[in-house]
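In case you want the letters, here they are:
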Amino acid sequence: MFDFGVRILAQARFRPEFIWENRDVFLSGVRLTVFIAIVAFALATVFGLAVALLRMSKNRLVAPLMAAYINIFRAIPLLVFVVFVYYGIAIQFDVRISAIQAGILVLTLQYSAWLGEIFRGGIQAVSDGQTQAALSVGMSRPQTFFRVVLPQAIRIVIPPTGNMFIGMIKDSSLVFIIGVPELFRVSSVMANRTFRYFEVYLGAVLFYLILTTAAYFGVKYLEKRFALVDVLTTKVRSPLARRRGIRLRMLQEAVAAEREAESSRTATAI
Amino acid sequence: MGPTEDARPVVRLRNIHKSFGANHVLKGIDLTVGQGQHVVIFGPSGSGKSTLLRTTNLLETPDSGSVWFDGKEYGPGIEGEDLPRGKARLLRQQIGMVFQQFNLFPHITALDNVALALRRVKKMKQADAELQAARYLARVGLLDKVAAYPAQLSGGQQQRVAIARSLVMEPKVMLFDEPTSALDPELVGEVLAVMRNLAESGMTMVVVTHEMGFAREAGDLNIFMDEGVVVETGGRELYDDAREPRTRAFFEAIL
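In this section: the side chain of threonine 209 of chain B. Its location among the elements puts threonine 209 of chain B in the loop between strand E8 (204-208) and helix H7 (212-218). Not counting the four nearest positions on each side in its chain, threonine 209 of chain B is found in contact with Val40, Ile41, Phe42 and Ala215 of chain B.

The subject of this paragraph is the pairing of strand E9 (residues 221-226) of chain B. All names here are of chain B. Most of E9 is tucked away, with six of its six residues classed as buried. Residues of E9 alternate between two faces, with Leu221, Ile223 and Met225 on one and Asn222, Phe224 and Asp226 on the opposite face, all of them buried. Bridging between strand E3 (residues 38-42) and E9 involves four bridges; their strand directions are parallel. When the bridges of E9 are listed, valine 39 appears paired with leucine 221. Here E9 pairs with strand E10 (residues 229-234) via five bridges, running antiparallel. Paired with methionine 225 across the strands is valine 230, a residue of E10.

In any sheet, the strands associate via hydrogen bonds between backbone groups, in a parallel or an antiparallel arrangement. Residue and element names in this part refer to chain B. A sheet is described by the order of its strands in space; here four strands give the open sequence E2-E1-E4-E5, paired in antiparallel fashion. Looking at strand neighbours, the two that pair on one side only are strand E2 (23-34) and strand E5 (72-77), the edges of this open sheet. Neighbour to neighbour, the strand axes of the sheet diverge by 10° on average, direction disregarded. As paired strands, strand E1 (residues 9-20) and E2 are joined by nine bridges and run antiparallel to one another. Across the sheet, the residue bridging to phenylalanine 20 is asparagine 23, located in E2.

To continue, consider helix H1 (residues 49-56) of chain B. Counting buried positions along H1 of chain B gives seven out of eight residues, so the element sits mostly inside the fold. Of the residues making up H1 of chain B, those classed as buried are Lys49, Thr51, Leu52, Leu53, Arg54, Thr55 and Thr56 of chain B.

Looking now at the packing of aromatic side chains. Inspection of every chain in the model, using the stated rule, returns 18 aromatic pairs over all chains. Arranged with centres 4.6 Å apart and planes meeting at 50°, the rings of tyrosine 69 of chain A and phenylalanine 73 of chain A form a pair that is tilted. Here phenylalanine 73 of chain A and tyrosine 69 of chain A lie together in helix H4 (residues 62-75), a separation of four residues that amounts to about one turn. Given the relative accessible area of 17%, phenylalanine 73 of chain A is considered buried. Arranged with centres 6.4 Å apart and planes meeting at 50°, the rings of phenylalanine 250 of chain B and phenylalanine 251 of chain B form a pair that is tilted. Residue classification places phenylalanine 251 of chain B among the buried positions, given a relative accessible area of 9%. These aromatic residues form a ring-pair network of at least three members: Phe42, Phe224, Tyr239, Phe250 and Phe251 of chain B. Arginine 23 of chain A extends its terminal NZ or CZ atom over the ring of tryptophan 20 of chain A, reaching a point 4.2 Å from the ring centre.

Let us look at the sheet that holds E9 of chain B. Residue and element names in this part refer to chain B. Here six strands make up an open sheet; going across it, the order is E6-E7-E8-E3-E9-E10 and the pairing mixed. The strands lining the two open edges of the sheet, one partner per strand, are strand E6 (95-98) and E10. Ignoring strand direction, the axes of neighbouring strands in this sheet form an average angle of 20°. For E6 and strand E7 (residues 173-177), the ladder comprises four bridges, and the chain directions are parallel. Note on E7: the bridge partner recorded for methionine 97 is leucine 175.

Cut-offs and rules
- Residues numbered from 1 in each chain as written.
- Chains lettered and ligands numbered in written order.
- Predicted model: local features only at pLDDT ≥ 70, side-chain atom pairs only at ≥ 80, totals over all residues.
- Heavy atoms only, no water.
- Helix = DSSP H or I, 4+ residues; strand = E, 2+ residues; numbered from the N terminus.
- Contact = heavy atoms within 4.5 Å.
- Buried < 20%, exposed > 50% of the residue type's maximum accessible area, 1.4 Å probe, protein only.
- Pairing = 2+ DSSP bridges.
- Axes fitted to C-alpha atoms, helices over the stretch in contact; angles between N-to-C directions.
- Phe/Tyr/Trp six-rings, centres within 6.5 Å; stacked < 30°, edge-to-face > 60°.
- Lys NZ or Arg CZ within 6 Å of the ring centre and 35° of its normal.

Treat this as a map of the structure, not an account of what it does.
Set out below in structure tokens:
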């Protein structure tokens, strides 16, 4: 008898259309989730690259400092970290910071640590011979890094970085605890008001699935976009690649003609 | 194709020392390379020959010693001397280097491998750089591979692209660090043919190699190194008429 209330809720008829009727509420949450994930991830990418480079620094102070940063920020549970920053630090030290800013800050700090390690792995996976070859033709250190090492490292880190972005979309739900009205927050508020727990959380699950699936295809596209395609021997569809193929063929013909002319000139001279 | 004895010097190494930890790899090397000269360095592995080559363009910074090139001193220098030092980058722009492992840039095409330094170091326009790069690829017989990525090329082809990548900068000296050691035997010939052409064209070359056939034929100045010192130097006669027992022992071991 004491589970009376629960039974009533459990017996409520499933109304899938409830999700559609409340799409605007869901979508407002989706928008904020996407905003937080993209902004925090973009910042974390920049800081992560800095962390990776500083971590590889030969400086005896900088490298251990970065190792400590990585270890500390990876070790704190995100949920605890969010609460600590927004309710702990912000109140204690009277820092005026909005919940959204606090959420983005925490996600950025933690993801910089993760991405920093991924980027370091990618950069170190590019063989030292590459750096030496670039230096040997007179390129500067920055040119060597940005033109030779980094492009190869990017190709290596695209799949793990893509995984991190999908993780970011999911982890952004943890900022619900400080009241950021992202997808999970608006869902739980809606559920508490309407008692339509199943429909609401099913909706939330579906929207998260859509977001992460879109991110997955985005990563796939990037992998393809960065794949190496020989424009002369492969059937290429993109107009850019086709134009490049035509240019290269013209270049080949020009040089071949040049050499032809030269060899006939030496022949006449003899 | 050999130059005269009094050929104008292009590179001069003086008292080069280099240690890796407790391992004293180069123990005071002196070497003068003349214009158009073809220097062959050989010796057992660990003798310091590759390190010596790599200090010549300062890919390896010596602990002490000086590299003179085209009127300027480079490297850390010699104690007691106070000569102005040139920048390593300037030196490397004028000295080409070919590596045992090719070290082509795998993320760009053969053409872009050759054109990269023209664009970034010589600041040439893309069209001009590509035309020049294509000419040098043609010179090593790979004009048909302009759009290929290194992974699509055989080892011999990769090494020829690597040679073109160095040559396109119009260096005054070419360094070869065991250029055929990583190749399958049937691919060695095509690379040596390119090197022979280069030697005949009068390029100044310093070659670390185990290809004794090539060394005999091209080497005007032959240097036998062991344990971080030059044991013996000589002209073509060195191969038949070595004086030092260590040199003779080495020849016996490899032939």
